[in-house]
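Coordinate inspection notes
Spelled out, the chains give:
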Amino acid sequence: MSTLFRQYSVLKWILTVLAVLIFLLMLSSPSSIVFIKRFTESEMFVEGDLLTQGKPALQVRNVQPPKQHIYYLKTHKTASTTIYSILAEYCRAHELVPLLPVGVHINQRPPFHPSQLMLHHKVSKYDMVFNHHIYTEEILRYLHNDTFTFTTIRDPFKHFISSFSYFSKFNLTYLTEIKSKNKLDALLENPEQYETKGYSSYTNNRQSLDLGFDIKHKFNDSTYIKEFISLTEKRFQLVLITDYFYESLILLKRALNWQTGDILFYKKQENKDSSLLLNSATDKQRKQHELFSTADIQVYKYFLQIFKFKISKERDIEGEVAEFQTVLSRVHTFCDRDLPSNSQFMLETGRWSDRIDLQHSKCKWLKLDEVQFTKYLQNVQRSLFES
């Protein structure tokens, strides 16, 4: 009996020492991984919270329900495919019914026609729209009356460079017809010769065209541009500036009353060639671009001012951006590992961030490209409404 008692005392002492060592380790690294525990069928990754220096959580939990009726005008080359992926995944995860195109896009030029949409007689109103189309109020009649409307725009010169670089790879006729060794310089020096007209162009005030600019007016018609800006402001409750992508995303999250886990993403369609062109751009090229991009420039300047004002009124948006970037990095580290689909990742509540709790199976949806995601959502609707 005494031998058993001594063994028990030794075991108790060892466990006490281990507990103290673990406690000291946690104190020395409060934001590190608390533990990684392997189960027979799954792995669970539990990370420490994001509270810094013992400060309490800053965010006030919004008692308002999340907005789930959303109209997003997907403009070209404005990080819009990344925004698309966030909205598409939200729809999938919450089993919402988006308004989808018959193909990949609703349209790339007017006129809009209902035949461009996947419409089902069993559905009276749709929850979201997020595929490419030229703005038209007709699409709104398929959505709920309380739909939140937003879009994204970008610095016009950056947009021009990105569009030129991206669409040059698709052998668009008007770009392939530029025979100069330096096609960018040729286009900027003589846009009248090389640019195509209207919606066939993706480099001539394309943001304004996507937003619904009436091509009966010239792109330097100052009177109509003012009218168009006023119309655009009435049409959208929020115009995000993706030159400030993370600030835009947090502003959107707050406007929609969404949680941190709802805006997780992987960047889509990053273009390294575009970055190289932009980094080597000259002042001369920028000034040449300004001469034929009046509409896009005026629209951008106006909504940039509004965007910056909104940001200035938000509480510690820089703090939430920094924290979200940390959260996203940790999620990517988890998602980029080759793990069983039921492996779990948990990240405790931070000063601004909600608790993250996801399975590795979600990672494939965060990475899925636009074409495949659209096809998946289309197939889901066919199985639900056409069977």
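See the structure printed just above.
Okay, so let's go over this structure. (Residues numbered from 1 in each chain as written. Predicted model: local features only at pLDDT ≥ 70, side-chain atom pairs only at ≥ 80, totals over all residues. Heavy atoms only, no water.)

Further remarks concern the pattern of salt bridges. Following the criterion strictly, the structure yields 12 salt bridges and no others. Residue aspartate 273 pairs with lysine 169 through a salt bridge whose shortest N-O separation is 3.4 Å. Highlighted residues: aspartate 273 in helix 10 (residues 272-279) and lysine 169 in the loop between helix 3 (156-168) and helix 4 (173-176), separated in sequence by 104 residues. Glutamate 348 serves as the salt-bridge partner of arginine 355, at 2.9 Å between the closest nitrogen and oxygen. Residue arginine 355 is classed as partly exposed on the basis of its relative accessible area of 39%. The exposure class assigned to glutamate 348 is partly exposed, which follows from its relative accessible area of 28%. Residues joined in a network through salt bridges with shared partners are Lys253, Arg254, Glu314 and Glu320. (Salt bridge = Lys/Arg side-chain N within 4 Å of Asp/Glu carboxyl O. Helix = DSSP H or I, 4+ residues; strand = E, 2+ residues; numbered from the N terminus. Buried < 20%, exposed > 50% of the residue type's maximum accessible area, 1.4 Å probe, protein only.)

Strand order across the open sheet formed by 4 strands is 4-3-5-6, with parallel pairing between neighbours. Every other strand in the sheet has two partners, leaving strand 4 (128-129) and strand 6 (238-241) as the edge strands with one partner each. Taken together, the 2 bridges between strand 3 (residues 70-73) and strand 4 define a ladder with parallel strand orientation. Its bridge partner being in strand 4, tyrosine 71 is matched across the sheet by valine 129. Its contacts with the sheet put helix 2 (residues 80-94) on strand 3, strand 4 and strand 5 (148-153), and the angle it makes with strand 3 is roughly 160 degrees. Taken strand by strand, helix 12 (residues 294-313) contacts strand 5 and strand 6, and its axis lies near 95 degrees from that of strand 6. (Pairing = 2+ DSSP bridges. Contact = heavy atoms within 4.5 Å. Axes fitted to C-alpha atoms, helices over the stretch in contact; angles between N-to-C directions.)

Where the residue is not glycine, phi is negative for most of them; where a peptide bond is considered, it is trans in most cases. Of the consecutive residues proline 110 and proline 111, the connecting peptide bond is found in the cis state with omega at 0 degrees. Secondary-structure assignment places proline 111 in the loop between helix 2 and strand 4. We note that aspartate 316 has phi near 45 degrees; this positive angle belongs to a residue other than glycine. Among the structural elements, aspartate 316 can be located in the loop between helix 12 and helix 13 (317-335). Relative accessible area serves as the criterion here: at 33%, aspartate 316 is assigned to the partly exposed category.

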